[in-house]
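Structural overview
Now for the letters of each chain:
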Amino acid sequence: MSANLYEARNLVQRYNGREALNVPHLAIEQGEAVFLTGPNGCGKSTLLRLLAFLERPAAGVLRYAGGADGRKEATLLLQDPYLLHMSVFNNVVLGLKFRNQTANLRQTFECSMQAAGFDEPWKFADRGPYELSGGERQRVALASRLALRPKVLLLDEPTANVDAASARALAQAVKNCTADGITVVCSTHDPALLRAIDIREIKLGSSWDAEPAPLLCPSYPRR
Amino acid sequence: MDYLINGFSNAFYLLTHMDAATLSAIYATIASTCYAMAAALLLGVPLGFLLGHCSFPGKRAFRLVSDTLLAFPTVLIGLLVYAFITARGPLGEYGLLFTLPGMAIGQAVLALPIVISWTAQALEDLDPRCRETLLTLGANGRQLALYALWECRYAVGMVCVTAFGRVITEVGVAMMLGGNIRYSTRTMTTAIALETSKGDFAQGIALGLVLLLMAFMVNLALAFFKRRGRA
Amino acid sequence: MFRFSRFLLLACAAGYMVCAAPVLAADTLMMATTTSTQDSGLLEYLEPAFKQETGIELKWVAVGTGKALEIAKNCDADVLLVHAPSAELEFVKAGHGVDRRQVMYNDFVIVGPAADPAGVKGQTTAGALKRILDTGAGFVSRGDQSGTHKAEQKLWQQSNITPDKNPKYFSAGQGMISTLNMAAEKQAYALTDRGTWITFADKMGDKNPLAIVVEGDKALFNQYSVITVNPAQCPKVNPALAKKFEDWWVAPATQQKIAGYALKGKQLFFPNADK
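In this report, the structure presented in the accompanying data block is examined. (Residues numbered from 1 in each chain as written. Chains lettered and ligands numbered in written order. Predicted model: local features only at pLDDT ≥ 70, side-chain atom pairs only at ≥ 80, totals over all residues.)

**Observations concerning the overall build of chain B**
When you go through chain B residue by residue, the secondary structure sums to eleven helices and zero strands. Counting from the amino terminus, chain B carries its helices and strands in the arrangement α-α-α-α-α-α-α-α-α-α-α. The dimensions of chain B, computed from C-alpha atoms along their principal axes, are 65 × 45 × 25 Å. Evaluated residue by residue, chain B yields a buried proportion of 49% over its 231 residues. For chain B, restricting intrachain contacts to residue pairs at least 6 apart in sequence, the fraction spanning at least 24 positions comes to 77%. (Helix = DSSP H or I, 4+ residues; strand = E, 2+ residues; numbered from the N terminus. Buried ≥ 20, exposed ≤ 12 C-beta atoms within 10 Å, placed from the backbone. Contact = placed C-beta atoms within 7 Å.)

In structure tokens form, the structure reads like this:
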């Protein structure tokens, strides 16, 4: 048995009958950090959603070596993140409330926000979602994931629609996660992000690449 | 034309002197409406939530029925409820006909389709990312349901206010089921109907103005919810 | 988050207490009566005395006689005060009501355009009705199975006329005031009880387009009676309270009060309990 946290064979996902993802083989080790790259529509988001256990594959096997409920251990940062209609503080500690881990909410809030690149977390604590810029929203969403101390952090194009400062903060946060032993899978187009962090790259959609197991991808748009 | 002018001056008189009959009518209106709304919300919001949030076989059929009931003629509602609560009817032993609770039952039936269908719609209109976010943060079924509903709270608030406005202005059902008994089930709307049938248009207009005032306040609340919903 | 649901709960509780709290008064009696007794103001005038002298809280629904009898048949009322003698007798005969006692009468009048285009002033009822239709002057009927409507139908019957197919016979399906308004608009004739007429005339003042054309005919006599809903059929009826109710209405003191009731200075109802 390898130390693979995720192992997928012949993973297929379909939406409305159309194939959105087709992966013959994929393996991610525990504590590893990988980039998912590839052209638009080749299934990066789909794969992330499967890894986050938000969906079940149409066919194939996805083995997860972690605990029983993968969804509680793997968390996904959506490409266009959603913050609930509540204060930043409540958004960040929401996941902890779900797990009944309400012991040190204030402390956890502060740490997570700082990890997400906020130097003065308490300035933002009472703001509502509409009082934040796009980049700030992205980072608050990241903070809410970090607060969970997840085993796996999945990120869908985290720097896609944010300003440069937020992008840098996000890149740093991801680096710190990898240092903490969190398994990170991050899909991206952003060359700056790719340069900032030196980790394995899984390319979807290439007909040839240097990886041992090339992944194929049909060029259908998702959904 | 005179009765319009007389109506306005009567309205002013009524409101400033707090005439006993008017007060009793206002009280009856508010009491039965609140009772009806409470019942409609307690039943309707959970049902609407299930219809909007969950998937189950026959869901679309249920939703179709609920949406169609939105067009249910109010007089038919009155007749059906009447048949149930009359002394000879299945619920006769409770003596509900010609009482405020009986009237409230009819009003609740009136409000129920609005609450169910629009709550379902509010949940369906909820951003799908909300659901995904809650799930990925580790929410279980119950937490997902509660927080999704909380997230729609302004839309649901609007539903309540809309249903409230509908109920408070209803005449037919109130007349049929309440009997327009003075100091008991005479509401603003049935009082207006009575005054006009007696030919006292001025009084009818006066009461109508008071009712308009109440409807205005309801709409003020609606505007508040709309604004907060956008924030 | 749950502050709102707590508020909702409080609102429900308040609403429930407010609506379903038992009335503090002692006994209640539900009466089904007609719009004329309510609209004339007689009931509001008598009710305080009733409450004081019998200790019973009287609640009433004022609907058309037809509906009042239906309500009584369905056991939704305890007693009746209506004015449709033939329908009442049938009602009692069928076993729905007991102890019918006459209490007072008023009368109907035929009203029409002040200029009286059909020339029926001073005629008998039968003659007048025939002339109204013959001259095509127009007649507006209540058309709602009320006591007035039933009386009107009887009058047509007595004159051997079926007015329904006549294009100038308008079945309004509404209350008395609305019917009179319609007659005024259409410059037509109508049958009305005197009480509503007095109210209508008072409201119209000098601008009243209608006037009384036929009155005093015995056929226009309008008898009011009280009936107790049969306790054998409707167990909820309290016979003791109902008897108190009926006794009160025929008592001399009450009868005097009835005679003393004046609408706009004119006596409206004539007590005849002992006759």
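**Notes on the overall build of chain A**
The helix and strand tally for chain A stands at eight helices and eight strands. Here the C-alpha radius of gyration of chain A, 17 Å, is about what a compact globule of 223 residues would show, namely 17 Å. Overall size of chain A, expressed as C-alpha extent along the three principal axes, is 50 × 35 × 35 Å. A burial count over chain A gives 44% of its 223 residues as buried. By sequence separation, contacts in chain A at least 24 residues apart represent 72% of the contacts at least 6 residues apart. (Rg over C-alpha atoms; globule rule 2.2 N^0.38 Å.)

**Re the nonpolar core**
By size, the foremost hydrophobic cluster in this structure holds 205 residues, and its most contacted members are L154 of chain A, M37, A111 and V115 of chain B together with L80 of chain C. When residues of this core are assigned to their parent elements, the largest contribution, 16 residues, is made by helix α5 (residues 100-124) of chain B. Two domains each provide a minimum of three residues to this core, namely domain 1 (8-106 + 222-271) and domain 2 (107-220) of chain C. When residues no more than four places from it in sequence are discounted, the contact partners of L154 of chain A are L48, L51, A52, A74, T75, L76, L77 and V185 of chain A. (Core = buried A, V, L, I, M, F, W, Y, C linked by C-beta atoms within 7 Å. Domains from an automatic or database assignment.)

**Some details on the interface of chain B and chain A**
Accessible area lost upon the coming together of the parts serves often as the stated size of an interface. Counting from both sides, the interface comprises 13 residues of chain B and, opposite them, 18 residues of chain A. Broken down by secondary-structure element, the contributors of at least two residues to the side of chain B that touches chain A are α6 (128-136) and α7 (141-151) of chain B. The element contributing the most residues to the side of chain B that touches chain A is α6 of chain B, with six residues. Looking at side-chain class alone, the side of chain B that touches chain A contains five nonpolar, four polar and four charged residues. (Nonpolar A, V, L, I, M, F, W, Y, C, P; charged D, E, K, R; others polar.)

**As for the arrangement of the chains**
Taking contact number as the criterion, the leading pair out of two pairs of chains in contact is chains B and C. Across all C-alpha pairs, the smallest distance from chain A to chain C is 10 Å, and the two are not in contact.

**Section: the pairing of strand β6 (residues 152-156) of chain A**
On a regular strand, each side chain points to the face opposite its neighbour's, so the side chains alternate between the two faces of the sheet. Residues and elements named next belong to chain A. For β6, a buried count of five out of five residues is recorded, marking the element as mostly surrounded by other parts of the structure. What you see with β6 is no split at all: V152, L154 and D156 on one side and L153 and L155 on the other are buried throughout. For strand β5 (residues 74-77) and β6, the ladder comprises four bridges, and the chain directions are parallel. Among the inter-strand pairings, T75 is bridged to a residue of β6, identified as L153. (Pairing = 2+ DSSP bridges.)

**A look at the sheet that holds strand β4 (residues 59-64) of chain A**
Residues and elements named next belong to chain A. Within the open sheet, the three strands sit side by side as β2-β1-β4. Their pairing is antiparallel. Here the strands that pair on one side only, and so sit at the sheet edges, are β2 (18-29) and β4. Averaged over all pairs of adjacent strands, the angle between their axes in this sheet comes to 15°, without regard to strand direction. Taken together, the ten bridges between strand β1 (residues 4-15) and β2 define a ladder with antiparallel strand orientation. Bridging from a neighbouring strand, V12 pairs with N22 of β2. (Axes fitted to C-alpha atoms, helices over the stretch in contact; angles between N-to-C directions.)

**So, the environment of A262 of chain C**
All names here are of chain C. Assignment of secondary structure puts A262 in strand β10 (residues 262-263). It is 8.9 Å that separates the C-alpha atoms of A262 and L42, two residues lying 220 residues apart in sequence. Residue contacts for A262: discarding those within four places in its chain leaves Q267 and L268.

**Some points on the pairing of strand β3 (residues 33-37) of chain A**
All names here are of chain A. Counting buried positions along β3 yields four of five residues, so the element is predominantly enclosed. Pairing of β3 with strand β7 (residues 183-187), which is carried by four bridges, proceeds in the parallel orientation. Residue F35 lies in a different strand from β7, and its bridge partner there is C186. As judged from the four bridges shared by β3 and strand β8 (residues 200-203), these two strands associate in the parallel manner. The residue bridging V34 from the neighbouring strand is R200, located in β8.

**Observations regarding the packing of helix α4 (residues 74-85) of chain B against α5 of chain B**
All names here are of chain B. Closest axis-to-axis distance for the α4/α5 pair is 10 Å, and the angle between their directions is 135°. As the angle between them shows, α4 and α5 are arranged oblique. Both α4 and α5 take part in a crossing whose hand is right-handed. Contacts from T74, I77, G78, V81 and I85 in α4 reach G102, I105, G106, V109 and L110 in α5. Taken together, the residues of the contact of α4 with α5 sort by class into six nonpolar, four polar and no charged. (Parallel < 35°, antiparallel > 145°, perpendicular 65-115°, else oblique. Left-handed = near helix turned anticlockwise from the far one by under 90°.)

**Quick word on the packing of helix α2 (residues 20-53) of chain B against helix α8 (residues 153-168) of chain B**
All names here are of chain B. In contact at an axis separation of 10 Å, α2 and α8 are set at 140° when each is read in the N-to-C sense. For the element pair α2 / α8, the angle class is oblique. Handedness of the α2/α8 crossing: right-handed. Judged by residue contacts, T29, T33, A36, M37, A40, L41 and V45 of α2 engage V156, C160, A163, F164, V167 and I168 from α8. The residue inventory of the contact of α2 with α8, partitioned by class, reads eleven nonpolar, two polar and no charged.

**Details of the sheet that holds β5 of chain A**
Paired through backbone hydrogen bonds, the strands of a sheet run either parallel or antiparallel to each other. Residues and elements named next belong to chain A. With respect to topology, five strands assemble into an open sheet ordered β5-β6-β7-β3-β8, the strand pairing being parallel. A single partner strand is all that each edge strand has here, and the edge strands are β5 and β8. Neighbour-to-neighbour, the strand axes of this sheet turn through a mean angle of 20°, independent of strand direction.

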